[in-house]
Amino acid sequence: MLAEQLVASFFAAAGFAIIFNVPRQVLFQCGTVGAVGWFLYRLLVLNTVDEVVATLAAAAVVAVISQIFAKWFRTPIIIFNVSGIIPLVPGGLAYDAMRHFVENNYEVAIPYAARVVMLSGAIALGLVFSEIINQMIRNGKWKSYHNKYDRKGLERS
Amino acid sequence: MERYTVTDVCLLAGKLMLQSGAETYRVEDTMVRIAQAFGMDRAQAHATPTAIMFATDLTEPTNFVRIVSRETDLHKVTQVNGVSRAISAGHLDVTEAAKALETIDNQKDTYPNYIQLLAAAFASGCFTIMFDGSWLDFLPAFFVGALGYGLMSYFHDMLKIRFFAEFLAASFVGLFAYLIIFLNLGQQIDKIVIGAIMPLVPGLLITNAVRDLMAGHLVSGITKGAEAFLTAAAIGAGIAVIFFIF
């Protein structure tokens, strides 16, 4: 069941990467980011974690992996971010909300709509969270200690 | 031979990035970095989703570029990023940089249209599975998704009004999903529709809007957010119309 989800999310993320004209060399990585994010989300939801919290965690992990990949492959981070976030976008819930709105079931539609807002907020927050961590690492005081051993290891010190 | 200035290079780089769907803060950052690499330390850049302003110094004349069309081509964003890195490292002079950027500008899409259509189709099918649809609905979503994405590009080229193109494409998705259920080729219409409209969902816009807002670019963030909201509303309305009719 989870394996099937993993494969599906990989191809969904990679498919989106193609739609967004991502460079060929990083297509596989884009799919991987998407699959990891979705897998984590499903795993957390299966273990009765709230959907919003699961989305937040998955988005944060996606963003962290994206940061690493962006540094690694020297590409703008947006490439990996977008592919990773796509599976988490609450398309299904938004659809449900809208469908109930159209059918005049406002009492049913409002909770769905509120859920969509919460989930979108969680995605945004997850992205920002890793950004902040990245900023802290980049601007942190400990960088001066880090630089001493950077790249050349202990030799240079 | 044509002469290029640093302003030309910066504006071309910014224009390319903005047209290809980069975040505005990255656009400004890249332009200022290129200018700095050529020794203009006080260069000013201001980018919004529809225009770029650039001056090489505080009191120098300000140049302006209007961005009319925006699409998503992350390959170009990556290439411009690469050129900007090369300039910062001192590997390119002004003319070489301008030539490199012009080559990128004239380049065709990385993937041919049919591959993109196929990708949209696969993504649609996979989304149906991810939303716990049955494998019997994979093929219906595959075809309806391809249809929706293809119609969206077609209407976009024909009508030039993006929101209306999205509206029409979404309503056709709804219509064909109904047809498939009517002909007894699929199981759950909900799962098919959700999968098939995913390629139309403005995922990139939402991410960009959030990143711009967080970087302090409030104008760009809010305009992009509004664009994303309008797109989502257009898709929703398109599907809603079909539900309303049946």
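For clarity, every value in this text was computed on a predicted model and none was experimentally measured. (Residues numbered from 1 in each chain as written. Chains lettered and ligands numbered in written order. Predicted model: local features only at pLDDT ≥ 70, side-chain atom pairs only at ≥ 80, totals over all residues.)

K.L.:
Quick question: what am I supposed to make of the overall build of chain A here?
P.N.:
What chain A contains, in helices and strands, is seven helices and zero strands. What you see in chain A, going N to C, is helices and strands ordered as α-α-α-α-α-α-α. Out of the 157 residues belonging to chain A, those deemed buried represent 47%. Within chain A, counting contacts between residues at least 6 apart in sequence, those at least 24 apart form 61% of the total. (Helix = DSSP H or I, 4+ residues; strand = E, 2+ residues; numbered from the N terminus. Buried ≥ 20, exposed ≤ 12 C-beta atoms within 10 Å, placed from the backbone. Contact = placed C-beta atoms within 7 Å.)

K.L.:
What exactly am I supposed to notice about the environment of Ile-67 of chain B here?
P.N.:
Within the secondary structure layout, Ile-67 of chain B lies in the loop between strand E3 (63-66) and helix H3 (74-88). Each C-alpha atom, one on Ile-67 of chain B and one on Ile-181 of chain B, is 43 Å from the other, the two residues being 114 residues apart in sequence.

K.L.:
For this particular structure, what's the right way to read the packing of helix H2 (residues 27-46) of chain A against helix H4 (residues 78-85) of chain A?
P.N.:
Each packed pair of helices is defined by two parameters, the angle between the axes and the distance between the axes. Residues and elements named next belong to chain A. Remark: H2 packs on H4, axes separated minimally by 7 Å, with the N-to-C direction vectors making an angle of 45°. It follows that H2 is oblique to H4 by the angle criterion. Where H2 crosses over H4, the two elements pack in a sense that is right-handed. Listed contacts from H4 to Gln-29, Cys-30, Val-33, Gly-34 and Gly-37 of H2 are Ile-79, Phe-80, Ser-83 and Gly-84. Broken down by class, the residue content of the contact of H2 with H4 amounts to four nonpolar, five polar and no charged. (Axes fitted to C-alpha atoms, helices over the stretch in contact; angles between N-to-C directions. Parallel < 35°, antiparallel > 145°, perpendicular 65-115°, else oblique. Left-handed = near helix turned anticlockwise from the far one by under 90°. Nonpolar A, V, L, I, M, F, W, Y, C, P; charged D, E, K, R; others polar.)

K.L.:
What exactly am I supposed to notice about the environment of Ala-55 of chain B here?
P.N.:
Residue and element names in this part refer to chain B. On the secondary structure map, Ala-55 appears in strand E2 (residues 51-55). On a C-alpha basis, the gap between Ala-55 and Ala-35 in space is 9.6 Å, while along the polypeptide they are 20 residues apart. What Ala-55 contacts, discounting residues up to four positions off in sequence, is Ala-43, Gln-44, Glu-60, Pro-61, Thr-62 and Asn-63.

K.L.:
Can you walk me through the pairing of strand E1 (residues 44-48) of chain B in this structure?
P.N.:
On a regular strand, each side chain points to the face opposite its neighbour's, so the side chains alternate between the two faces of the sheet. Here E1 of chain B shows a buried face lined by Ala-45 and Ala-47 of chain B and an unburied face lined by Gln-44, His-46 and Thr-48 of chain B. Linking E1 of chain B to E2 of chain B, which pair antiparallel, is a turn of two residues. (Pairing = 2+ DSSP bridges.)

K.L.:
When you look at the domain arrangement of chain B in this model, what are you seeing that I'm missing?
P.N.:
Residues and elements named next belong to chain B. Taken as a whole, chain B is organised into domain 1 (6-105) and domain 2 (113-245). Its C-alpha centre places domain 1 at a distance of 32 Å from the equivalent point of domain 2. The interface of domain 1 with domain 2 comprises seven residues on the first partner and 10 residues on the second. Of the residues that constitute the side of domain 1 that touches domain 2, the class distribution is two nonpolar, four polar and one charged. (Domains from an automatic or database assignment.)

K.L.:
What's the story with the nonpolar core in this structure? I'm lost.
P.N.:
Where a protein is soluble and globular, its nonpolar side chains tend to be buried together. Of all hydrophobic cores here, the largest spans 131 residues; its most connected members are Ala-59 of chain A together with Ala-13, Leu-101, Val-173 and Ile-197 of chain B. Taken domain by domain, the makeup of this core includes at least three residues from each of domain 1 (6-105) and domain 2 (113-245) of chain B. The residues touching Ala-13 of chain B, leaving out its near neighbours within four places in the chain, are Thr-30, Met-31, Ile-34, Val-80, Val-83, Ser-84 and Leu-101 of chain B. (Core = buried A, V, L, I, M, F, W, Y, C linked by C-beta atoms within 7 Å.)

K.L.:
Help me out: how do you make sense of helix H4 (residues 94-105) of chain B in this one?
P.N.:
Helical geometry: 3.6 residues make up each α-helical turn, so side chains three or four residues apart lie on a common side. Residue and element names in this part refer to chain B. Across its 12 residues, H4 extends 16 Å between first and last C-alpha, which sits within 8% of the 16 Å expected from 1.5 Å per residue. Those residues of H4 that sit buried are Ala-97, Ala-98, Ala-100, Leu-101 and Ile-104. Each buried residue of H4 sits inside an arc of 160° when the element is viewed along its axis, so together they form one side. Looking at the buried positions of H4, the neighbouring elements they touch are helix H1 (6-19) and H3. (Expected span 1.5 Å × (residues − 1). Arc of directions from axis to C-beta.)

K.L.:
Looking at this structure, I do not really get the sheet that holds E3 of chain B. What am I missing?
P.N.:
All names here are of chain B. Strand order in this open sheet of three strands is E1-E2-E3, and the pairing throughout is antiparallel. Both outer strands of the open sheet, E1 and E3, are each paired with one neighbouring strand and no more. Neighbour-to-neighbour, the strand axes of the sheet open up by a mean angle of 10°, direction not taken into account. Inspection of the sheet shows E2 paired to E3 by four bridges, in the antiparallel sense. Paired with Ala-51 across the two strands is Arg-66, which belongs to E3. Packed on one face of the sheet, H1 meets E1, E2 and E3 and runs near 160° to E2.

K.L.:
Can you walk me through the interface of chain A and chain B in this structure?
P.N.:
Often, the extent of an interface is quoted as the loss of accessible area upon association of its parts. Contact with chain A, which involves 36 residues of that partner, is made by 40 residues of chain B. The set of elements that each furnish at least two residues to the side of chain A that touches chain B consists of helix H1 (2-19), H4, helix H5 (91-102) and helix H6 (106-139) of chain A. In terms of residue count, the dominant contributor to the side of chain A that touches chain B is H1 of chain A (10 residues). Looking at the side of chain A that touches chain B, its residues break down into 24 nonpolar, eight polar and four charged.

K.L.:
I tried to follow helix H2 (residues 24-37) of chain B on my own but got confused; where do I start?
P.N.:
Residue and element names in this part refer to chain B. Counted at 1.5 Å a residue, the expected span for H2 with its 14 residues is 20 Å, and the 20 Å between its end C-alpha atoms agrees. Among the residues making up H2, those that are buried are Thr-24, Arg-26, Val-27, Glu-28, Thr-30, Met-31, Ile-34 and Ala-35. Close packing links the buried residues of H2 with H1, E1, E2, H3, helix H9 (203-214) and helix H10 (218-245). Note on H2: the residue one or two positions beyond its end, Gly-39, has a positive phi of about 90°.

K.L.:
Before we go on, may I ask you to explain the confidence of the model for chain A in this structure?
P.N.:
Parts of the model with low pLDDT should not have their predicted coordinates read in detail. Residues and elements named next belong to chain A. When the pLDDT values of chain A are averaged, the result is 83; 89% of them are 70 or greater. Confidence, read as mean pLDDT per element, is least for helix H7 (residues 143-149) in chain A (52) and greatest for H2 (92). Across residues 151-157 the pLDDT falls below 50, and counting only partners more than four positions away or on other chains, this stretch makes three contacts in the model. (pLDDT = per-residue confidence, 0-100.)

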